[in-house]
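Here is what each chain is made of, one letter per residue.
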Amino acid sequence: MKKHRISNEFLTLENIHNIIHKKLKIELSEDSKISVEKCRTYLDDKMEHQTTPVYGVTTGFGSLCNTSISKEDLAQLQRNLVVSHACGFGDEVPQEIVKLMLLLKIQSLSYGHSGVQTATIERLIDFFNNDVYPVVYQQGSLGASGDLAPLAHLSLPLLNLGEVYYKGKKQKAADVNAKFGWQPLSLQSKEGLALLNGTQFMSAYATWLVLKSEKLSHLADMIAALSLDTFQGHIEPFHLSVHIVRPHIGQLATAANITDFLEDSEILALKKEHVQDPYSFRCIPQVHGATKDAINYVKSVVETEINSVTDNPTIFPDEDMIISAGNFHGQPLALAIDFLTLSMSELANISERRIYQLISGKRGLPSFLVKNPGLNSGFMIPQYTAASIVSQNKTLCMPASADSIESSQGQEDHVSMGANAATKAYIVINNVEKVLAIELLNAAQALEFRRPLKTSPSLEEFVACYREQIPFVENDTLMYELMHKSQEFLRDA
């Protein structure tokens, strides 16, 4: 079976999508093993002769950084750190995110600047390869000092503590470890800190968010093209000449997408009686395009982060340095995730406006997209639902990174709140998918009122696949079932 080797080679989000989608196993490259072992040996040798305190290695943590720890207690110090910091609350982190946390923690530790044992990384790899997912909670990280509480929960099973999901069932970590014959690890100096310091909670969410956003951005263009055609919109606002004179990359790409999606549409070829379209149609390139540009920026930040060493202190064996600094601070991710949240919410915002236009009884379409409005409410209330979701998104767009709360007796006096940014972005982007699902439900319904004319061949094929799961609505029916199926269709697309 093909495996992905963890190495110094730049890890892209496309690489990660491939690993997850193809369910690849992972392994440490030989170069990574050498780097990890070299760093561990250096740290052990250094501690034999070190007389000055080294933060987190021979001292306590946070504001206890001036409290020295004896050599005999260094291993206990690291175990205590993991146990005491597992203070998560709230809903459980989805297993798909936990799997990404494992992968990104392994990647970060593999560079040989963290001082961990090879055995510690190998056990994390065992969890990943055997679909053993530690139970992690969404609340508890301030997004600085690393994602301490979530990463503590991720690390508990290394010590035979906590819970994991295995084969879809929540179980005691000790029981699952026993099934595989995995003995609990004895953490060496600095290892607990290496496991808990880091941005892998934020960056795992950010990875998922960007990959999901890229997919939804493409689907938003396709669904918007269908809505435009069924609304008998104009194609002229998508002409290349318009966008060459305002050449934002995302705007150009969106205009090209819409033009391609509508190529050879019979509906589009009809002479239009109206002079121009509402902004939600006419300004698709500008709005969708700005979101594309935002996604690309956030992607660059996330890819830098997941290829970085983010624990503390950072060890440099070749330079004989152990430096306590701040690579665990999540500010780069916090700002980027907040930006992504805002930009993606706009896809839902403009989508809801197109839904509203489609049900408004304009341009030859029946009110609420049913043959007999009045007797039937038709597609009246799905628009209400979309409006409710969009409104919730607006509330969630308040930037988490605007906040900071002092912690650890003032030692940690500025934090990023990137973890809160990540968890609310997850809600917003799933909400975007729901609104797009409602728009597709409306646009596919509207298309039937343009028959016998056809939209473009590519969109006809798209709608034909959609119709295999979601039928045309003749009379009032249980709309929530169709809305849920529509979202599942997009999720599987």
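Residues numbered from 1 in each chain as written. Predicted model: local features only at pLDDT ≥ 70, side-chain atom pairs only at ≥ 80, totals over all residues. Heavy atoms only, no water.

Trainee: Can you walk me through the overall build of the protein chain in this structure?
Mentor: Scanning the protein chain from terminus to terminus reveals 18 helices and nine strands. Summarising its shape, the C-alpha atoms of the protein chain cover approximately 85 × 50 × 45 Å along the three principal directions. Residues counted as buried form 55% of the 493 residues belonging to the protein chain. For the protein chain, the share of sequence-separated contacts (at least 6 apart) that also reach a separation of at least 24 residues comes to 80%. Surface accessibility of the protein chain: about 21100 Å² in total, with carbon and sulfur atoms responsible for 53%. Each charge sign in the protein chain was given a centre, from 43 positive and 56 negative side chains, and these centres are 5 Å apart. (Helix = DSSP H or I, 4+ residues; strand = E, 2+ residues; numbered from the N terminus. Buried < 20%, exposed > 50% of the residue type's maximum accessible area, 1.4 Å probe, protein only. Contact = heavy atoms within 4.5 Å. Areas by Shrake-Rupley, 256 points an atom, 1.4 Å probe, with all protein chains shown as cover. Lys, Arg positive; Asp, Glu negative; His and termini not counted. Charge placed at Lys NZ, Arg CZ, Asp CG, Glu CD.)

Trainee: So what exactly am I meant to see when it comes to the sheet that holds strand 4 (residues 132-134) here?
Mentor: Within a sheet, each strand pairs with its neighbour through backbone hydrogen bonds, oriented either parallel or antiparallel. Reading across the sheet, the three strands line up as 4-6-7 and stay open at both edges, with antiparallel pairing between neighbours. Among the strands making up the open sheet, the edge pair consists of strand 4 and strand 7 (169-172). Here the average twist between neighbouring strands, direction ignored, is 35°. On top of the sheet, helix 7 (residues 173-180) reaches strand 4, strand 6 (163-166) and strand 7; it is set at about 90° to strand 7, its chief contact. (Pairing = 2+ DSSP bridges. Axes fitted to C-alpha atoms, helices over the stretch in contact; angles between N-to-C directions.)

Trainee: Looking at this structure, how should I read unusual backbone geometry?
Mentor: The general pattern is negative phi for most residues beyond glycine and trans for most peptide bonds. In this chain, Asn 312 is followed by Pro 313 through a cis amide linkage whose omega measures -5°. Across the junction of Arg 451 and Pro 452, the peptide omega takes the value 15°, indicating a cis bond. Within the secondary structure layout, Pro 452 lies in the loop between helix 16 (418-448) and helix 17 (457-467).

Trainee: Just checking my understanding: could you explain the environment of Pro 317 for this structure?
Mentor: Residue position: Pro 317 is located in the loop between strand 8 (314-316) and strand 9 (321-323). Residues Pro 317 and Ser 35, 282 residues apart in the sequence, show an inter-C-alpha distance of 9.5 Å. Excluding residues that lie within four positions of it along the chain, Pro 317 makes contacts with Lys 38, Cys 39, Tyr 42 and Gly 112.

Trainee: Is there a simple way to think about the packing of aromatic side chains in this case?
Mentor: Given two aromatic rings, one states the distance between the centres and the angle between the planes to describe the pair. A full pass over the atoms with the stated rule returns eleven aromatic pairs. On the numbers, 5.7 Å between centres and 90° between planes, the contact of Tyr 205 with Tyr 426 is edge-to-face. Taken together, the residues span a long stretch of sequence, with Tyr 205 in helix 9 (residues 200-230) and Tyr 426 in helix 16 at a distance of 221 residues. The exposure class assigned to Tyr 205 is buried, which follows from its relative accessible area of 0%. For Tyr 426, a relative accessible area of 15% corresponds to the buried category. Geometrically, the ring pair formed by Tyr 466 and Phe 489 is edge-to-face, given 5.1 Å between the ring centres and 80° between the ring planes. Linking Tyr 466 in helix 17 with Phe 489 in helix 18 (residues 479-492), this pair joins segments that are 23 residues apart in sequence. (Phe/Tyr/Trp six-rings, centres within 6.5 Å; stacked < 30°, edge-to-face > 60°.)

Trainee: What exactly am I supposed to notice about the pairing of strand 6 here?
Mentor: Consecutive side chains of a regular strand alternate in pointing toward one face of the sheet and then the other. Note that strand 4 and strand 6 share three bridges and pair antiparallel. Bridge pairing links Val 132 to Tyr 166 in strand 6. Strand direction decides the pairing type here: strand 6 and strand 7, joined by four bridges, are antiparallel. In the sheet register, Glu 163 faces strand 7, and the bridge partner there is Lys 172. In textbook terms, the turn of a hairpin is the stretch between consecutive antiparallel strands, and for strand 6 and strand 7 this stretch comprises two residues, one of which, Lys 167, has a positive phi near 55°.

Trainee: What am I meant to see in helix 1 (residues 13-21) here?
Mentor: Three- or four-residue spacings in an α-helix give side chains the same orientation, since the helix completes a turn every 3.6 residues. When helix 1 is considered as a whole, its buried residues turn out to be Leu 13, Ile 16 and Ile 19. Viewed end-on, helix 1 has its buried residues packed into an arc of 115°, placing them on one side of the element. Packing partners of the buried residues in helix 1 comprise strand 1 (3-6), strand 2 (25-28), helix 4 (95-109), helix 5 (118-129), helix 9 and helix 13 (284-306). Looking at the residues trailing helix 1, positive phi occurs at Lys 23, about 55°. (Arc of directions from axis to C-beta.)

Trainee: What is the right way to read the pattern of salt bridges from this model?
Mentor: Close approach of charged atoms lets side chains of opposite charge pair. Counted according to the given criterion, the structure contains 22 salt bridges. A salt bridge links Asp 318 to Lys 38; the nearest nitrogen and oxygen atoms lie 2.5 Å apart. Highlighted residues: Asp 318 in the loop between strand 8 and strand 9 and Lys 38 in helix 2 (residues 30-49), separated in sequence by 280 residues. Residue classification places Asp 318 among the exposed positions, given a relative accessible area of 67%. A salt bridge links Asp 277 to Arg 363; the shortest N-O distance between them is 2.7 Å. With Asp 277 in the loop between helix 11 (249-261) and helix 12 (279-282) and Arg 363 in the loop between helix 14 (331-358) and helix 15 (380-396), this residue pair connects regions lying 86 residues apart in the sequence. Exposure remark for Asp 277: the relative accessible area of 3% places this residue in the buried category. We classify Arg 363 as partly exposed; its relative accessible area is 21%. (Salt bridge = Lys/Arg side-chain N within 4 Å of Asp/Glu carboxyl O.)

Trainee: In this structure, what is going on with the packing of helix 11 against helix 13? I would like to understand it.
Mentor: In a packed pair of helices, the relevant descriptors are the angle between the two axes and the axis-to-axis distance. Contact geometry for helix 11 and helix 13: axes closest at 7 Å, N-to-C directions at 125°. Considering their axes alone, helix 11 and helix 13 lie oblique with respect to each other. Seen from above, helix 11 lies across helix 13 with right-handed handedness. Every residue of helix 13 that contacts helix 11 at Ile 249, Gly 250, Gln 251, Ala 253, Thr 254, Ala 255, Asn 257 and Ile 258 is listed here: Ile 284, Pro 285, Gln 286, His 288, Gly 289, Lys 292 and Asp 293. For the contact of helix 11 with helix 13, the residue count by class is six nonpolar, seven polar and two charged. (Parallel < 35°, antiparallel > 145°, perpendicular 65-115°, else oblique. Left-handed = near helix turned anticlockwise from the far one by under 90°. Nonpolar A, V, L, I, M, F, W, Y, C, P; charged D, E, K, R; others polar.)

Trainee: Please explain the packing of helix 9 against helix 14 as it appears in this structure.
Mentor: Orientation of helix 9 relative to helix 14, taken along the N-to-C sense of each, is 20°, at an axis distance of 10 Å. With respect to their mutual orientation, helix 9 and helix 14 come out roughly parallel. By crossing handedness, the relation of helix 9 to helix 14 is classed as left-handed. Here Met 202, Ser 203, Ala 206, Leu 209, Val 210, Ser 213, Leu 216, Ser 217, Ala 220, Ala 224, Ser 227 and Thr 230 of helix 9 lie close against helix 14, whose contacting residues are Leu 333, Ile 337, Leu 340, Met 344, Leu 347, Arg 354 and Leu 358.

Trainee: So what exactly am I meant to see when it comes to helix 17 here?
Mentor: Along helix 17, the residues that are buried comprise Leu 459, Glu 460, Phe 462, Val 463 and Tyr 466. End-on view of helix 17: buried residues confined to an arc of 160°, all on one side of the axis. In helix 17, the exposed residues that point more than 90 degrees away from the buried face are Pro 457 and Glu 461. Contacts from the buried residues of helix 17 go to helix 9, helix 11, helix 16 and helix 18.

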